[in-house]
Amino acid sequence: MKRLLRPLINGILKENPILILMIGLCPALAVSSAAMNGIYMGLAATFVLVGSNLIISLIRKIVPDQIRIPIFITVIATFVTIVDMVMHAYAPDMYKILGIFIPLIVVNCIILGRAEAFAYHNGVIESIGDGIGMGLGFTFILVVLGGIRELLGNGTLFGLQVMPPSYKPVLLMILPPGAFLTIGFLQAIQRYRGGKS
Amino acid sequence: MGERFYVSAPPHIKSKYDARYIMHQVIIALIPPTIAGIVFFGGRAVLVLLISVLSSIFWERIILRIKGEKRPLDGSEIVTGLLLGLNLSPLAPWWIPVIGTFVAIVLAKELFGGLGFNIFNPALIARAFLLVSWPMEMTTWMSPFNGITQATPLTLLKLQHSYTPYINLFLGNRGGCIGETSVLALLIGAGYLFYRGVIDWKIPIPYVLTVGVLALIFKQDPLFHIMAGGLILGAFFMATDYTTTPITKLGRIIFGVSCGVITILIRLFGGYPEGVSFSILFMNAMTPLLDRWTIPKPFGYRTLGRNV
């Protein structure tokens, strides 16, 4: 149990992929215009992450070192195809919003990075824990990022009107610059807190 | 010779041109356009400018406290606040300047390290932020004296192909930002800055001339394009900011010409009627490259190479 939990908690806080490792920023910036997008995108990535980490840690002993990257990509692409098809079938609206970023999970830095840096060197249990932790850390930041941007830029949260009707939304926040600004602030807060303790 | 000679480490010559002096000169130079704006747009303009300057000072104090820096205010926040206020419509709601100065002072200036370290002109970043976020509030202009909403000359040109008479453009009797309308008042302020040696000709003059020449090439009225919109305000007061423009002679001329090209391109072919603020912001980003590219050769310097 401890072997599962340690990498799991590690991924959510201490080595959060977005705030600390600074990987996987492209989908984080692109799809975080609403909190709901964050949940779907995060869960899709988490599923792929856990699946690919599991398979790669299983086959790591038989994978030749020279061609490991293509093999990783093949494994990841398999899971991405599953997610892609499932979302297309059961969440078509969200599939339309996330669009190209679902297939692009294949080349998501977090997934390839964890396969290379963690699953390739660790056992099955730890790799699953790492996958869940990293995925949840990713999802958490996406939801926070999407929530802030949606609240300021649209006056809603998860699609519900939160701000009073007289509130004039900050259009910039749901445009790309808003993503950069918000993520910059989140990272600054993280550094500020980290520097204090 | 009763004076005592002090022996001290260099530098021995102290210039009065420190940040505070320059900022005060800019504030003095901004007085004519401010008065012109108040004359034409009345109490609403006073309100916008006042909120702008006061909130600017407020944000500066707050962010300095958060950053734990104990230094006196150097006047640059007043310049930023005033410039932003002059860049707003007199009909802007009260929260527009408050948010605008937050963006200018906190985001664009202090988070980058304060005066002298900011990459972009703070007032223009704030204006761009506001323009993208609240297009409605930022582009509702009023006609002078009577408070009826009216489009700016450039919008009129873009939508109705109608030219505003020169005399109205020159004196400022037209719709627009508080500070951009009166070319006469802006030129008085700019003349004062030239006289004091605070700004030089190398950015504003090429900028204005480029706009005029390009307008001529594209078969537009060059004088109209020079006097309409925020070109004079931008060229003489924004594109001459020390921090965000190149320091080399050639770099400054390239900066001015490029600003002019971008301005005309946006005005004639872009979606926005006015392109001065975006052109200056764009060239702000190019400033480090221009500086590196145009390092002057020291006297007697030659590259060792082929001829050796």
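Predicted model, so just to flag it, every value in this text is computed and none were measured.

**Remarks on the overall build of chain B**
Part 1: Along its length, chain B carries 14 helices and zero strands.
Part 2: Taken over the C-alpha trace, chain B has a radius of gyration of 21 Å; the compact-globule value for 308 residues is 19 Å, and the two agree within 12%.
Part 3: Along the first, second and third principal axes, the C-alpha set of chain B runs to 65 × 55 × 40 Å.
Part 4: Buried positions account for 47% of the 308 residues belonging to chain B.
Part 5: Across chain B, every contact between residues at least 6 apart in sequence was considered, and the portion connecting residues at least 24 apart equals 73%.

**So, the overall build of chain A**
Part 1: Counting secondary structure elements, chain A contains 10 helices and two strands.
Part 2: Counted from the first residue to the last, chain A has its helices and strands arranged as α-α-α-α-α-α-α-α-β-β-α-α.
Part 3: In terms of overall size, chain A behaves like a compact globule, its C-alpha atoms giving a radius of gyration of 18 Å where 197 residues would be expected to give roughly 16 Å.
Part 4: In terms of overall dimensions, chain A has a C-alpha envelope of 60 × 45 × 30 Å along the principal axes.
Part 5: A fraction of 78% describes how many contacts in chain A between residues 6 or more apart in sequence connect residues 24 or more apart.

**Observations concerning the nonpolar core**
Part 1: Judged by nonpolar contacts, the single largest core of 126 residues is most densely connected at Ala45(A), Val48(A), Ile125(B) and Ala126(B).
Part 2: Per-element tally for this core: the top contributor is helix H8 (residues 124-154) of chain A, with 12 residues.

**Considering the packing of helix H13 (residues 249-269) of chain B against helix H14 (residues 276-293) of chain B**
Residue and element names in this part refer to chain B.
Part 1: It is the contact of H13 with H14, at a shortest axis distance of 9 Å, that shows an interaxial angle of 150°. Considering their axes alone, H13 and H14 lie roughly antiparallel with respect to each other. Crossing handedness for the pair H13 and H14: right-handed. Contacts between H13 and H14 involve Gly-251, Ile-254, Phe-255, Ser-258, Cys-259, Ile-262, Thr-263 and Ile-266 on the former and, on the latter, Val-276, Phe-278, Ser-279, Ile-280, Phe-282, Met-283, Leu-290 and Asp-291.
Part 2: Considering only residue class, the contact of H13 with H14 consists of 11 nonpolar, four polar and one charged.

**A closer look at helix H7 (residues 153-160) of chain B**
All names here are of chain B.
Part 1: For H7, the set of buried residues is Pro-153, Leu-154 and Leu-157. Down the axis of H7, the sector holding all buried residues measures 105°, keeping them to one side. Exposed residues lying more than 90 degrees from the buried face of H7 are Leu-159 and Gln-160.

**Notes on the environment of Ile23(A)**
Residues and elements named next belong to chain A.
Part 1: Residue position: Ile-23 is located in the loop between helix H2 (17-21) and helix H3 (25-30).
Part 2: Note on Ile-23: 19 C-beta atoms within 10 Å, which makes it partly exposed.
Part 3: Between the alpha carbons of Ile-23 and Gly-133 there is a distance of 15 Å; along the sequence they are 110 residues apart.
Part 4: Apart from the residues lying within four places of it in its own chain, the contact partners of Ile-23 are Pro-17, Cys-109, Ile-110 and Gly-113.

**Some points on the packing of helix H1 (residues 19-41) of chain B against helix H9 (residues 183-196) of chain B**
Residue and element names in this part refer to chain B.
Part 1: Orientation of H1 relative to H9, taken along the N-to-C sense of each, is 165°, at an axis distance of 7 Å. When the axis of H1 is compared with that of H9, the two are roughly antiparallel. Judged by the sense of rotation from one axis to the other, the crossing of H1 with H9 is right-handed. Residues Gln-25, Val-26, Ile-28, Ala-29, Leu-30, Pro-32, Pro-33, Ile-35 and Ala-36 of H1 form the contact with H9, whose participating residues are Ala-185, Leu-186, Ile-188, Gly-189, Ala-190, Tyr-192, Leu-193 and Arg-196.
Part 2: The residue makeup of the contact of H1 with H9, split by class, is 14 nonpolar, two polar and one charged.

**Here we look at the confidence of the model for chain B**
When pLDDT drops low, the exact placement of atoms in the prediction is not to be read closely.
Residues and elements named next belong to chain B.
Part 1: Per-residue confidence for chain B gives a mean pLDDT of 88, with 97% of residues at or over 70.
Part 2: Mean pLDDT across the elements of chain B bottoms out in H7 (79) and peaks in helix H10 (residues 204-217) (94).
Part 3: Reported confidence for the predicted complex is 0.79 by ipTM and 0.85 by pTM.

**Notes on helix H4 (residues 35-59) of chain A**
Part 1: In this model H4(A) runs 36 Å from its N-terminal to its C-terminal C-alpha over 25 residues, within 8% of the 36 Å that 1.5 Å per residue would give.
Part 2: With 18 of 25 residues buried, H4(A) is to be regarded as a mostly interior element.

**Side note on the interface of chain B and chain A**
Part 1: Tallying the contact residues gives four residues for chain B and five residues for chain A.
Part 2: Residues that form the side of chain B that touches chain A fall into these classes: three nonpolar, one polar and no charged.

**Comments concerning the environment of Cys26(A)**
Part 1: Mapped onto the fold, Cys26(A) is located in helix H3.
Part 2: Sequence separation between Cys26(A) and Cys109(A) is 83 residues, and the spatial gap between their C-alpha atoms is 8.9 Å.

**Section: unusual backbone geometry**
Part 1: A positive phi angle is found at Phe158(A), which is not glycine, with a value near 55°.
Part 2: Judged by local crowding, Phe158(A) falls into the partly exposed class, with 15 C-beta atoms found within 10 Å.
Part 3: The phi torsion at Lys219(B) lies on the positive side, around 60°, for a residue other than glycine.
Part 4: For Lys219(B), a count of 6 C-beta atoms within 10 Å corresponds to the exposed category.

**Some details on the confidence of the model for chain A**
Part 1: Mean pLDDT over chain A stands at 87; residues scoring 70 or higher make up 98%.
Part 2: Across chain A, helix H5 (residues 68-90) of chain A holds the top mean pLDDT of 92, while helix H1 (residues 2-14) of chain A sits lowest at 78.

Rules behind the numbers
- Residues numbered from 1 in each chain as written.
- Chains lettered and ligands numbered in written order.
- Predicted model: local features only at pLDDT ≥ 70, side-chain atom pairs only at ≥ 80, totals over all residues.
- Helix = DSSP H or I, 4+ residues; strand = E, 2+ residues; numbered from the N terminus.
- Rg over C-alpha atoms; globule rule 2.2 N^0.38 Å.
- Buried ≥ 20, exposed ≤ 12 C-beta atoms within 10 Å, placed from the backbone.
- Contact = placed C-beta atoms within 7 Å.
- Core = buried A, V, L, I, M, F, W, Y, C linked by C-beta atoms within 7 Å.
- Axes fitted to C-alpha atoms, helices over the stretch in contact; angles between N-to-C directions.
- Parallel < 35°, antiparallel > 145°, perpendicular 65-115°, else oblique.
- Left-handed = near helix turned anticlockwise from the far one by under 90°.
- Nonpolar A, V, L, I, M, F, W, Y, C, P; charged D, E, K, R; others polar.
- Arc of directions from axis to C-beta.
- pLDDT = per-residue confidence, 0-100.
- Expected span 1.5 Å × (residues − 1).

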